[in-house]
Amino acid sequence: GCNPSCSVCGPEDTVDFPDAVISVPGYEDITCGELEDSGALGQIPKDECDLLPANIDQICGCSPTPSPTPAPTPNPTEAPDVIPCDICGEGVEILNPGAFIYGLDEFSPITCAELQELGDDGEIGVDQCAALPFIIGRD
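Quick look at the structure, then. Note that the structure is predicted; figures quoted are calculated from it, not measured.

### A few points about the state of the cysteines
Scanning all chains against the criterion turns up four disulfides. Linked covalently through their sulfurs, Cys85 and Cys129 form a disulfide whose S-S length is 2.1 Å. Negative torsions about the S-S bond denote left-handed disulfides, and the value of about 100 degrees found for Cys85 with Cys129 makes this one right-handed. Of the two residues, Cys85 sits in the loop between β4 (62–64) and β5 (100–101) while Cys129 sits in helix α4 (residues 126–136), which places them 44 residues apart along the sequence. If you count the bonded cysteines of the protein from the N-terminus, they pair up as 1-4, 2-6, 3-5, 7-8.

### Considering helix α1 (residues 32–40)
Of all the positions in α1, only Cys32, Gly33, Leu35, Ser38 and Gly39 are classed as buried. The secondary structure elements touched by the buried residues of α1 are β1 (13–15), β2 (21–22), β3 (30–31) and α2 (46–61). Just downstream of α1 lies Gly42, where phi reads positive at about 75 degrees.

### A look at unusual backbone geometry
You will see that Glu12, though not glycine, has its phi angle at about 70 degrees, which is positive. The residue Glu12 is located in the segment before β1 in this model.

### Concerning the side chain of Ser38
Examined against the element boundaries, Ser38 turns out to sit in helix α1. You can call Ser38 buried: its relative accessible area is 17%. Not counting the four nearest positions on each side in its chain, Ser38 is found in contact with Ile30, Gln43 and Ile44.

### Some remarks on the nonpolar core
Core analysis: the largest hydrophobic core is formed by 14 residues, its most contacted members being Val8, Leu35 and Ile56. At the level of secondary structure, the elements contributing two or more residues to this core comprise α1 and α2. Top contributing element to this core by residue count: α2, with four residues. The contact partners of Leu35, leaving out residues within four places of it in the chain, are Val8, Ile22, Ile30, Ile44, Leu52 and Ile56.

### Remarks on the pattern of salt bridges
Tallied over the full model, the rule gives one salt bridge. Linking Lys46 and Asp50 is a salt bridge whose minimum nitrogen-to-oxygen distance equals 3.2 Å. Here Lys46 and its partner Asp50 are both found in helix α2, four residues apart, which amounts to about one turn of the helix.

### Some remarks on a negative patch on the surface
Taken together, Asp86, Glu90, Glu114, Glu117, Asp120, Asp121 and Glu123 make up a surface patch of like negative charges. Checked against the element boundaries, Glu114 lands in helix α3 (residues 112–120).

About the criteria used
Residues numbered from 1 in each chain as written. Predicted model: local features only at pLDDT ≥ 70, side-chain atom pairs only at ≥ 80, totals over all residues. Heavy atoms only, no water. Disulfide = S-S within 2.5 Å. Helix = DSSP H or I, 4+ residues; strand = E, 2+ residues; numbered from the N terminus. Buried < 20%, exposed > 50% of the residue type's maximum accessible area, 1.4 Å probe, protein only. Contact = heavy atoms within 4.5 Å. Core = buried A, V, L, I, M, F, W, Y, C linked by side-chain atoms within 4.5 Å. Salt bridge = Lys/Arg side-chain N within 4 Å of Asp/Glu carboxyl O. Patch = residues over 30% accessible without salt bridge, like charges linked within 9 Å, V, L, I, M, F, W, Y side chains within 5 Å. Areas by Shrake-Rupley, 256 points an atom, 1.4 Å probe, with all protein chains shown as cover. Lys, Arg positive; Asp, Glu negative; His and termini not counted. Charge placed at Lys NZ, Arg CZ, Asp CG, Glu CD.

Structure (structure tokens):
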């Protein structure tokens with residue numbers, strides 16, 4: 001159409017009953033869904049479109065566009081009680097258990113042996129654990 005797109009129920013509103021038939025004087029009977037499509041395609045003059053919401057609300061059931069229903073939250077899977085961390089990397093032996101490690105925020109200073117104990121007890125986060133071999137393996 002030559003007209004701007006028009007929401008026949010008004011801005012932010014949609015037709016609830018697209019199969020309901022509406023009689024508009026001077027036009028053939030039309031379903032609310034067809035009327036809504038015509039408006040979206042710009043086939044209804046703006047001045048007529050502005051009058052439609054009040055006139056079709058009762059039959060077409062104009063209502064605000066529903067928000068999408070959020071997907072259901074999955075049930076949490078039980079995390080293992082302890083996720084151990086090998087601070088030097090999986091299967092890599094600590095060569096200097098008495099050496100102090102600095103710069104690990106909440107753990108510093110700490111010996112390699114003490115840090116490994118925290119790792120064995122699952123006290124080190126998975127992301128931190130993955131980075132540790134690169135951090136402490138430098139020296």
